[in-house]
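# A closer look at the structure
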Amino acid sequence: MSLMTSEELATSTELDTREREERSDSLKLEPVRGAVLVVEDDPAHREILVEMLAGWGYEPLPVGSAEEAEFAVRNKRMDAAIVDVFLPGRSGATLMSRLRERFPQSVLIGVSAMSDGAMARKCKGLGADLFIGKPLDPERLAEALRSRHTSWH
């Protein structure tokens, strides 16, 4: 067994340190962009939204009803919300109005499978920043979440 010279040892130590730094850099998570309330009664759609949001660096708050949504944000801050307009029980439309009052600076996005101009106007009237028809276009959703619309409210 041969011993390393001090120069070889220094070079080896530098390489080990650099490799550890590179490994730790690749493991670092992107900072969380903000909390996004996801109000969707369909569990499959809700899960898809949660996975997309988490992948983009957001902290999703998934719920299945308007009642659950109000409970979920009772003691939390919310940076954005994606709300299905048609929910069982209390409607998503009523929820959007309440969220707009409580979180005036948050991005509020209404979604529905019934995507027409009348639905978009209804969401606008309830304080939504944007309406997106289902199936959701991921690029349009990502763009909406990055925006800070103030033109409608």
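Residues numbered from 1 in each chain as written. Predicted model: local features only at pLDDT ≥ 70, side-chain atom pairs only at ≥ 80, totals over all residues. Heavy atoms only, no water.

## Examining the confidence of the model for the chain
When the pLDDT values of the chain are averaged, the result is 81; 75% of them are 70 or greater. In the model, residues 26-30 has pLDDT below 50 throughout and makes two contacts with residues more than four positions away in sequence or in other chains. (pLDDT = per-residue confidence, 0-100. Contact = heavy atoms within 4.5 Å.)

## Some words on the pattern of salt bridges
Side-chain pairs of opposite charge can arise where the charged atoms are in close proximity. Enumeration according to the criterion identifies seven salt bridges in this entry. Of the charged contacts in the structure, one is a salt bridge between Glu-59 and Lys-76, with a shortest N-O distance of 3.9 Å. With Glu-59 in strand β2 (residues 59-63) and Lys-76 in the loop between α3 (66-72) and β3 (80-84), this pair connects stretches of sequence that are 17 residues apart. The class for Glu-59 is partly exposed, based on a relative accessible area of 35%. A residue is classified by how much of its surface remains accessible, and Lys-76, at 40% relative accessible area, is partly exposed. The salt bridge partner of Asp-79 is Arg-77, with a shortest N-O separation of 2.7 Å. Here the salt bridges share partners, and the residues they tie into one network are Glu-40, Asp-84 and Lys-134. (Salt bridge = Lys/Arg side-chain N within 4 Å of Asp/Glu carboxyl O. Helix = DSSP H or I, 4+ residues; strand = E, 2+ residues; numbered from the N terminus. Buried < 20%, exposed > 50% of the residue type's maximum accessible area, 1.4 Å probe, protein only.)

## Some words on helix α6 (residues 138-146)
Since the α-helix packs 3.6 residues into each turn, any two residues three or four apart lie on the same face. Three or more residues of α6 are buried, namely Leu-141, Ala-142, Ala-144 and Leu-145. End-on, the buried residues of α6 take up no more than an arc of 160 degrees, which puts them together on one face. Residues Glu-139, Glu-143 and Arg-146 are exposed on α6 and point more than 90 degrees away from its buried face. On its buried face, α6 sits against β1 (35-39), α2 (43-55), β3, β4 (107-112) and β5 (130-133). Looking at where α6 begins, the residue whose side-chain oxygen comes 3.2 Å from the main-chain nitrogen of Glu-139 is Asp-137. (Arc of directions from axis to C-beta. Polar contact = N/O pair within 3.5 Å; in protein donor to acceptor, adjacent residues only side chain to side chain.)

## A closer look at the pairing of β4
Within β4, six of the six residues are buried, leaving the element largely enclosed by the surrounding structure. As judged from the five bridges shared by β3 and β4, these two strands associate in the parallel manner. In the sheet register, Asp-84 faces β4, and the bridge partner there is Val-111. Between the parallel pair β3 and β4, the chain is carried across by helix α4 (residues 92-102), and the sense of this crossover is right-handed. When β4 meets β5, the two strands line up parallel, connected through four bridges. (Pairing = 2+ DSSP bridges. Right-handed = clockwise from strand over helix to strand, strands pointing away.)

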